[in-house]
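The chain contents come next:
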Amino acid sequence: MKSLSSPCFIIVHTLSSSKHILTVVSYLSSSYLWVSSPPIEGTNHMLGPLPPPTWRQDTLRTPLALYLELPPVSSHVHESVLTLVTYQLTHSYISAFLLRRLFPHHYPGFCPETKLNWHTHVVSSVHSILISTVAVWIIFNDKEWRTISREPADIVERIHVYTGALGLLTALAQGYFIYHLVMATVHFKVFGVQTLFHAVSCCTYIFAFKPFFMFYARQFLLFEASNPFVNNHWFLKELGIRTVVPFRGYPT
C-alpha cells in the first residue's frame, strides 16, 4: 500500500472527493445571473479578449474562413493555434517536469506508454480548468449572451447567434480537440480506434463557427469541469491507491 502522507497525494485525494462541485457551482451562478441581473438595453457585440493579429489577414485567414464557410474563424484561428501550441508544450515538457517532482518514486519507472497516458491526462485537466474558467467568465461578462438568454426563446436566433466571447470559448476548445486528434493519430497503437473516432467527432465542433449552436457552447463545455476530478481518480488508481474515500466500493 502506498503512503498517503505525501502532500501531493492529499491534494489529489481532496480534488477527487469533490467531483462535479465545480459544474454545480457554475450552473448555479449562471441561473443566479439569469434571474437576478437587471435587464440590459440593446446588445453589445462583445469582442474576444484576444484580438486577432493583422498579419496576412486579407491574404490568408479571411479567404480560408470564407472557403470553409466559417466566417468567424478568421477572428479566432490564432486562439486555437495558441491553445494547441500550449497543450503540446505542456504534453512534451511541463507535464514531465511536474510529474518527476510530484511522484519521484513512481514516474521514472513508468513505461513509455504509461507516461504518454499520464501526459494526456495532465493536458486534459489543464484544458478542462481553462475552458471551465472561460465559460464562467462568459456568464459574468458577455452582455450579448446574457441579453439573448433573457429574451423569449427564439430558436432560429439562438441557433445562429455569435459573440466574440463565445467564439473565444469555441476556439479554445477546438485547439484541444486538434491536440486530441494529433495524439490519437500519432499514437494510434496505444489509444486504439475508439479514441481516434472520438477525436475526429470532437473536431467536428469547428462547425459551430458557421455559427451553428454556438449559443450553447458555454453550457455544453461546462461539462468539462468534471474532467479534472475524473483524471485525479485515474491518477490515484494508476498509483495503486484504493483505500481512500473516493475508491471505497471500487474493485481492486
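Residue numbers here run from 1 along each chain, matching the order of that chain's written sequence. The predicted origin of the model limits local features to residues at a pLDDT of at least 70 and limits the giving and counting of side-chain atom pairs to 80 or more, whereas totals for whole chains, interfaces and linings rest on all residues. Computation of side-chain values covers all heavy atoms of the structure but excludes hydrogens and water.

Participant: For this particular structure, what's the right way to read the packing of aromatic side chains?
Facilitator: Classification of ring pairs rests on two measures: the distance between centres of Phe, Tyr or Trp rings, Trp counted by its six-membered ring, which must be within 6.5 Å, and the angle between planes, read as stacked under 30 degrees, edge-to-face over 60 and tilted in between. Considering all chains together, one arrives at 15 aromatic pairs under this definition. On the numbers, 5.7 Å between centres and 65° between planes, the contact of tryptophan 118 with tryptophan 234 is edge-to-face. Placement of tryptophan 118 in helix H5 (residues 112-141) and of tryptophan 234 in helix H11 (residues 227-238) is noted, with a sequence separation of 116 residues between them. For tryptophan 118, a relative accessible area of 1% translates into the label buried. By relative accessible area, tryptophan 234 is classed as buried at 17%. What links up through ring pairs into an aromatic cluster is the set Tyr87, Tyr176, Phe177, Tyr179, Tyr205 and Phe220. A ring has a charge above it when a Lys NZ or an Arg CZ is no more than 6 Å from the ring centre and no more than 35 degrees off the ring normal. Directly above the ring of tyrosine 107 sits lysine 115, whose terminal nitrogen or CZ lies 5.0 Å from the centroid. Secondary structure is summarised from DSSP: a helix means a run of H or I of at least four residues, a strand means a run of E of at least two, and numbering begins at the N terminus for each. Throughout, exposure labels follow a simple rule: accessible area from a 1.4 Å probe, protein chains only, divided by the maximum for the residue type, with under 20% read as buried, over 50% as exposed, and the rest as partly exposed.

Participant: Please explain the UniProt feature "transmembrane region" (unreviewed entry) in the chain as it appears in this structure.
Facilitator: UniProt positions are given in the numbering used here, feature names are shortened, and annotations may be inferred rather than shown by experiment. The sites that UniProt annotates as "transmembrane region" (unreviewed entry) are residues 122-140, 161-179 and 191-209. From the first C-alpha to the last, residues 122-140 spans 28 Å; its make-up is 100% helix and 0% strand. Along residues 191-209 the backbone is 68% helical and 0% strand, and the end-to-end C-alpha distance reaches 29 Å.

Participant: Is there a simple way to explain the nonpolar core in this structure?
Facilitator: Nonpolar side chains in soluble globular proteins generally cluster together in the buried interior. Each nonpolar core is a collection of buried residues, namely Ala, Val, Leu, Ile, Met, Phe, Trp, Tyr and Cys, held together in the definition by side-chain atoms within 4.5 Å. Grouped together as the largest cluster of nonpolar side chains are 35 residues, with contacts concentrated most on Leu169 and Phe177. Those elements that place two or more of their residues in this core are helix H4 (73-102), H5, helix H6 (143-150), helix H8 (164-186), helix H9 (188-203) and helix H10 (217-221). With eleven residues, the single largest contributor to this core is H8. One finds Phe103, Phe235, Leu236 and Ile241 within the second-largest nonpolar core, a separate group that totals twelve residues.

Participant: Even after reading the chapter, I still don't get a nonpolar patch on the surface, so can you show me in this structure?
Facilitator: Each patch is built from residues lacking any salt bridge and having more than 30% relative accessible area; the joining distance is 9 Å for like charges and 5 Å for nonpolar side chains (Val, Leu, Ile, Met, Phe, Trp, Tyr). Only the protein chains shown count as cover for residues, and the accessible areas themselves come from Shrake-Rupley with a 1.4 Å probe. Salt bridges, as used here, are contacts in which a Lys or Arg side-chain nitrogen is within 4 Å of a carboxyl oxygen on Asp or Glu. There is a patch of nonpolar side chains on the surface, built from Val81, Val85, Leu89, Tyr93, Ile94, Phe97, Leu98 and Leu102 and spanning about 750 Å² of accessible area. Tracing the sequence through the fold places leucine 89 in helix H4. Residue leucine 89 is classed as partly exposed on the basis of its relative accessible area, which comes to 43%.

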